[in-house]
Amino acid sequence: MKYQHWLASVQGISGRKKIMLQERMKTAEGVYYIEETALEQYGFLNRNEKNKLLQAKHMWKPDEEYEKLMKKEIQLITCFDGGYPKRLRQIPDRPYGIYYKGSLPADHIPSAALVGARNCTAYGEKHARLLAEKLVCAGVEIISGMAKGIDGAAQRGALNGGGKTYAILGCGVDICYPSEHIGLYTDILENGGGILSEFPPGMKPLAYNFPKRNRLISGLSDAVIVIEAREKSGSLITADMALEQGRDVYALPGPVDSALSKGCNRLIYQGAAPVLSAELLMQDLGIQKAVLPAESNATKKVLESKENLVYSSVCLYPKSISQMIDELSLPAQEVMCALASLEIKGYIKEISKNYYIRN
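Keep in mind the model is a prediction, meaning the values are calculated, not measured. (Residues numbered from 1 in each chain as written. Predicted model: local features only at pLDDT ≥ 70, side-chain atom pairs only at ≥ 80, totals over all residues. Heavy atoms only, no water.)

Would you take a moment to explain unusual backbone geometry for this structure?
Peptide bonds are trans in most cases, and residues, glycine excluded, mostly fall at negative phi. In this model, Y177 is joined to P178 through a cis peptide bond whose omega is 0°. Note on placement: P178 falls in the loop between β5 (165-168) and α10 (182-190). One non-glycine residue, E73, adopts positive backbone phi at about 60°. Overall, E73 belongs to the exposed group, its relative accessible area being 62%. With a phi close to 70°, N354 is a non-glycine residue in the positive phi region. Within the secondary structure, N354 sits in the loop between β11 (348-352) and β12 (355-358). (Helix = DSSP H or I, 4+ residues; strand = E, 2+ residues; numbered from the N terminus. Buried < 20%, exposed > 50% of the residue type's maximum accessible area, 1.4 Å probe, protein only.)

Structure, rendered in structure tokens:
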């Protein structure tokens, strides 16, 4: 595996050409020890790619690098291995190898990608979370990019529903990006999911990595669901890639005057199926209706406490403290204490001074 790790880590050579190299040399070790003169016969590599391969060979110490991989508990699987995801085998630009922590998506279990805007609205965040929760309750695995906004909300919803979710990163799997999602990163692993990337450990989240990452999000999914997206966004790139890969594409309709719904509404206009409910979506995908779990103990604990009235007053649209005080007829100090407690517990958030919405 140490030589597969070397070949997977070589930058500047596509996965397709790495696969062709190993096919000709039989093993990754054979590629590593190829002589420069022998390399000249492979016309599918240009001069720059040949130089990159030779430079990587001279700079790499297979035993040391593989030991580092093991210490970080990172695994690598290549397309020459039996456990390589079958869905990825179906796409034309499949990666040579996938690094991962935790587990890989199961070939025999339905999977759906939920993607969308980083700076999403409360409307989009709510539906991403609830849709993911209902899908996992029906046995679907959730694929996303662990980004801020819709991605993170969907993956948190999957975990809330007791299901598995898989984060596909545009950096090495040993890097949590964004860093503030370290809790989500850890929870994904602790709940049986996985963190995946075709980029080697240590690779930083460079901008040009993310379009490549997006094809894996769609490639690992049976369907791609866009929750919120601007007219030009990475989520629409993922949708385009999904169509090229033969995947079904769905979009959540939104207000016609919302910039974050224009991309979704455009997808629907162009033929994507609208997400009208989780039940209809599952019916369309041929998945049995989800049996939703009872309200979580964590939520019950909050709603059974003195914070109940204040929590019930907060909604998905911004509401001021003064409005809540008027509605509830409670002393200002009690309302403010309850809001502070609810925010610490993660059930609400302050989006501007003295204005709150539900998480």
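Got a minute to help me understand the nonpolar core in this structure?
Here is a general trend for soluble globular proteins: nonpolar side chains tend to be buried in one another's company. With 65 residues, the main nonpolar core has W6, L53 and M146 as its most contacted residues. The dominant element in this core, judged by the number of residues it contributes, is helix α1 (residues 2-9), at four residues. Beyond its immediate stretch of four places on either side in the chain, W6 contacts A28, V31, Y32, L53, A56, K57 and W60. Counting 23 residues, the second-largest nonpolar core is a separate cluster that includes L131, A154, I225 and I227. (Core = buried A, V, L, I, M, F, W, Y, C linked by side-chain atoms within 4.5 Å. Contact = heavy atoms within 4.5 Å.)

What should I look at first to understand the sheet that holds strand β4 (residues 141-144) in this one?
The pairing of strands in a sheet happens through backbone hydrogen bonds and is either parallel or antiparallel. The nine strands lie next to each other as β1-β2-β6-β5-β4-β3-β7-β8-β9, forming an open sheet whose pairing is mixed. Edge strands, defined here as strands with exactly one partner in the open sheet, are β1 (75-78) and β9 (273-274). Across three bridges, the pairing between strand β3 (residues 111-115) and β4 is parallel. The residue bridging A113 from the neighbouring strand is I143, located in β4. Those strands touched by α1 are β1 and β2 (97-102), and its axis lies near 80° from that of β1. Its contacts with the sheet place helix α8 (residues 122-137) against β3, β4 and β7 (223-226), and it is angled at close to 175° to β3. (Pairing = 2+ DSSP bridges. Axes fitted to C-alpha atoms, helices over the stretch in contact; angles between N-to-C directions.)

Where do I start with the packing of aromatic side chains in this structure?
Within this structure, the stated rule accounts for eight aromatic pairs. Ring centres of Y32 and Y33 lie 4.9 Å apart, and the angle between their planes is 90°; this geometry places the pair in the edge-to-face category. Y33 gets classed as partly exposed once you look at its relative accessible area, which sits at 47%. Joined through ring pairs, the aromatic side chains of Y3, W6, Y32 and Y33 make up one cluster. (Phe/Tyr/Trp six-rings, centres within 6.5 Å; stacked < 30°, edge-to-face > 60°.)

Teacher, can you tell me more about the side chain of R247 here?
When you line up the elements, R247 lands in the loop between α12 (234-244) and β8 (248-251). D222 provides the closest opposite charge to the buried, salt-bridge-free R247, at an N-O distance of 5.8 Å. In terms of polar contacts, R247 uses its side chain to reach the backbone carbonyl oxygen of S218, at 3.4 Å. A polar contact of 2.7 Å, which involves the side chain of R247, links it to the backbone oxygen of G219. In contact with R247, not counting residues within four places along its chain, are R87, Q90, I91, S218, G219, S221, D222 and A242. (Lys, Arg positive; Asp, Glu negative; His and termini not counted. Salt bridge = Lys/Arg side-chain N within 4 Å of Asp/Glu carboxyl O. Polar contact = N/O pair within 3.5 Å; in protein donor to acceptor, adjacent residues only side chain to side chain.)

It is not clear to me how the environment of D248 should be interpreted in this structure. Could you clarify?
Structurally, D248 can be placed in strand β8. D248 sits in the partly exposed class, given a relative accessible area of 41%. Separated by 19 residues in the primary sequence, D248 and L267 have C-alpha atoms spaced 12 Å apart. Setting aside residues no more than four positions away along its own chain, D248 makes contact with D222, A223, V224 and L285.

Just checking my understanding: could you explain the packing of α1 against helix α6 (residues 62-71) for this structure?
Packed helices, taken two at a time, are described by their axes: the angle between them and the distance between them. Direction vectors running N to C along α1 and α6 enclose 90°, while the axes themselves pass 9 Å from each other. With respect to α6, the element α1 is oriented roughly perpendicular. Touching K2, Y3 and H5 of α1 are P62, D63, E65, Y66 and L69, all from α6. Considering only residue class, the contact of α1 with α6 consists of four nonpolar, one polar and three charged. (Parallel < 35°, antiparallel > 145°, perpendicular 65-115°, else oblique. Nonpolar A, V, L, I, M, F, W, Y, C, P; charged D, E, K, R; others polar.)

What exactly am I supposed to notice about the packing of α8 against helix α9 (residues 150-160) here?
Where α8 meets α9, the axes come as close as 7 Å, and the angle between the chain directions of the two elements is 35°. For α8 against α9, the interelement crossing comes out right-handed. Residues G124, E125, A128, R129, A132, E133 and V136 of α8 form the contact with α9, whose participating residues are I150, A153, A154, G157, A158 and N160. Its residues assigned to classes, the contact of α8 with α9 shows seven nonpolar, three polar and three charged. (Left-handed = near helix turned anticlockwise from the far one by under 90°.)

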